[in-house]
Amino acid sequence: MAAIDTTLSPPLPMSRIKPGRIVMWTVLFIGGLLMITPILFMFSTSLKTSSQIYDLRLIPQSPTLANYIEVLTEGQFPRWFLNSSFVAICVTASNIFFDSLVGYTLAKFRFRGRQFVFIAILSTLMIPTEMLVIPWYLMSANFGWLDSYWGIMFPGMMTAFGTFLMKQFFETVPDDFIEAARMDGLNEFTIWWKIAMPLVTPALSALAIFTFLGNWTAFFWPLISTTSKELYTLPVGLTSFAVEQAIQWEMIMTGAAIATIPTLVVFLVLQRYIVRGVMLAGLKG
Amino acid sequence: MAKFELRGLVKAYGKTKVIHGINLVIPDGEFVVFVGPSGCGKSTTLRMIAGLEEVSGGEIRIGDRVVNEVDPKERNLAMVFQNYAIYPHMTVRQNIAFGLYTSKLSKDEKAKKVEEAGALLGLTPLLDRRPSDLSGGQRQRVAIGRAMVRDPAGFLFDEPLSNLDAQLRAQMRIEIKDLHRRLGTTIAYVTHDQVEAMTMADRIVVMKDGHILQAAPPMEVYDNPVDVFTAQFIGTPSMNIVPATQTGGVVTLAEGAPTLLAGVRPHDLLVGSQIADPGLTLTGTVTAVEPLGPETLVHFTVAGRSIISTAPAHGTVAIGSTVTAKAPRGQVHLFDAATEKAMGRA
Ligand SMILES: Nc1ncnc2c1ncn2[C@@H]1O[C@H](COP(=O)(O)OP(=O)(O)OP(=O)(O)O)[C@@H](O)[C@H]1O
Ligand SMILES: [Mg+2]
């Protein structure tokens, strides 16, 4: 019997590996190396003492966790970490809710002015953030939103991109589902929440990932809208290691290393969805 | 339980009318099947009854209540869709229970109803599966289950079987019919399949271009179609239609511009028949022969028209030969050539 088995499934002969594959693997390998090197150096530097940081060996001579202890116990780093988490989570939740609510309405209801609203939302995609910062700032100043969590969060609470993404996805939900639910006596809000939303979970995960990462790494607007250190987000806080006296590379790298942990977690947990979401949304990661 | 009534029902999309004021009473407990070609307005009519589509004119009554402005959920109707519309993120049990979403029954009572409906439809072993693990027929049964648990005043079906293969369709036809017999609930059922209409309906409603042509029991529509369209739409293969003249009770093939059309069903037009006094005799050249087993269909051309006739099972009709087929008296339908309306039989 064993003889038959081997004849049925012979091992893959080396000649079957095509040259094109080798080229592809090489390119991908080099690309991967280029991308991972800075990250490895970040971790490496975070384990060095300040006197060793220009010693560019990847493996530190005498690795120490002192930087981590210092970053986490002295100064306001933990606070910034919580600030970033709070802001990113709130903004993500808000986008999940409002982008999909508006996207659903635009996709599934016929009303006067629908097309106009949609185009108006889309057209804001063409305005670069830099142009919006000044109006945002003036608006925050007038409303007294400067130097507050709400001030950091409000520009991102709903995005044109997210709305557009969700609209496209809700359009793929067959009307039959919605009408069946209507016949079953659900109200329109419940239909959206209980029927339509579960049917677009891949899109929701993609939106959640993009929004979370975007806000976790956001630097420019949080820097401008906050003045007190208690309200700094992580990226803003990290720069304060650079402005006081000298640039403390080992501290910055330690902070950055800690800051990447949530992104790594998000990525590992939702990896499946990120790949699918990127493909679905037609985006480059 | 309720009777449905359509009075001068009109539907227009913008300026285009798609339903032109139809009238129909569906008595309590009747199984009515709407048939017609694609785009004739069957779904639109059903969706207006369901409340999913606004009424542009006329009235819909369910029981004694005018429901034009009543929300779908208040009408207490259940609908089964062509694409089943069972929710992929819920199990079969949850899907069926969804029919009871607004019901005020206790949890236990709901669970019991779901079990009962599942048992009735043979879904008991599948209750905890997801729709993706079900066959098409099983999915459609889940959709029917969800409709059933509510004890609705009526069921609406929109081409529920058209995504199923022929064998399953035949089986589901019998199951749905059986379900109707047991529940006795009014059913409005849309299909473009005349076999479904013939086999399931208490009454067939033939529609075309937003009008009702005929509403009658299946055999009545088959035996006495009101016009050429209905005659050809119901029954397979379609009724043969030829230009004709009638002189002294005898129908003959006519040349030129006739005033009459003669219709004869393939099953009544017999090749090699020895009838002494036929109602219609046609002679032509054989173009195709289709042995079906119990009988053989013989296609031939008469005056440029393609005619289908029936020959005995083991016949020896050859393509290219000339055949004569006869229909007995009383089986020839006459239609006015101009209006295409039925004028009785010869
Ligand atoms: N939203 C709409 N806007 C404009 N016209 C419509 C709309 N929905 C349907 N129609 C038109 O109404 C007519 C009837 O459509 P309906 O869906 O009722 O046909 P049907 O008999 O169910 O056909 P089928 O067998 O293909 O399902 C068609 O001519 C269709 O083009
Ligand atoms: Mg239809």
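Computed from a predicted structure; not experimentally measured.

Points about the packing of helix 4 (residues 77-108) of chain A against helix 10 (residues 188-199) of chain A
Residues and elements named next belong to chain A. The geometry of helix 4 relative to helix 10 is characterised by a closest axis approach of 11 Å and an angle of 105° between their N-to-C directions. In terms of axis orientation, helix 4 runs roughly perpendicular to helix 10. On helix 10, the residues touching I96, F97, S100, L101 and Y104 of helix 4 are F189, I191, W192, A196 and M197. For the contact of helix 4 with helix 10, the residue count by class is 9 nonpolar, 1 polar and no charged.

As for the domain arrangement of chain A
All names here are of chain A. Splitting chain A by domain gives domain 1 (19-64) and domain 2 (74-284). For domain 1 versus domain 2, the distance between C-alpha centres works out to 31 Å. Listed per partner, the contact involves 8 residues of domain 1 and 7 residues of domain 2. Buried surface at the junction of domain 1 and domain 2, both sides included, amounts to about 650 Å², of which 77% is carbon and sulfur. At the boundary of domain 1 and domain 2, one finds 0 salt bridges. At the junction of domain 1 and domain 2, the tally comes to 0 residue pairs in polar contact (both at pLDDT 80 or more). Across the side of domain 1 that touches domain 2, the residue classes tally to 4 nonpolar, 3 polar and 1 charged.

Comments concerning the packing of aromatic side chains
Counted by the stated rule, this structure contains 25 aromatic pairs over all chains. On the basis of an interplanar angle of 20° and a centroid distance of 6.1 Å, the ring pair of A:F118 and A:F164 is categorised as stacked. One end of the pair, A:F118, is in helix 5 (residues 114-123); the other, A:F164, is in helix 8 (residues 160-171), with 46 residues separating them in the sequence. By relative accessible area, which is 10% here, A:F118 ends up buried. Following the ring pairs from residue to residue traces out a cluster consisting of A:W136, A:F143, A:W145, A:W150, A:F154 and A:W221. The ring of B:Y13 carries the charged tip of B:K11 above its face, separated from the ring centre by 5.0 Å. A cation sits over an aromatic face here: B:R146 above B:Y87, 4.8 Å from the ring centre.

What counts and how
- Residues numbered from 1 in each chain as written.
- Chains lettered and ligands numbered in written order.
- Predicted model: local features only at pLDDT ≥ 70, side-chain atom pairs only at ≥ 80, totals over all residues.
- Heavy atoms only, no water.
- Axes fitted to C-alpha atoms, helices over the stretch in contact; angles between N-to-C directions.
- Helix = DSSP H or I, 4+ residues; strand = E, 2+ residues; numbered from the N terminus.
- Parallel < 35°, antiparallel > 145°, perpendicular 65-115°, else oblique.
- Contact = heavy atoms within 4.5 Å.
- Nonpolar A, V, L, I, M, F, W, Y, C, P; charged D, E, K, R; others polar.
- Domains from an automatic or database assignment.
- Buried area = accessible area lost by both parts, 1.4 Å probe.
- Salt bridge = Lys/Arg side-chain N within 4 Å of Asp/Glu carboxyl O.
- Polar contact = N/O pair within 3.5 Å; in protein donor to acceptor, adjacent residues only side chain to side chain.
- Phe/Tyr/Trp six-rings, centres within 6.5 Å; stacked < 30°, edge-to-face > 60°.
- Buried < 20%, exposed > 50% of the residue type's maximum accessible area, 1.4 Å probe, protein only.
- Lys NZ or Arg CZ within 6 Å of the ring centre and 35° of its normal.

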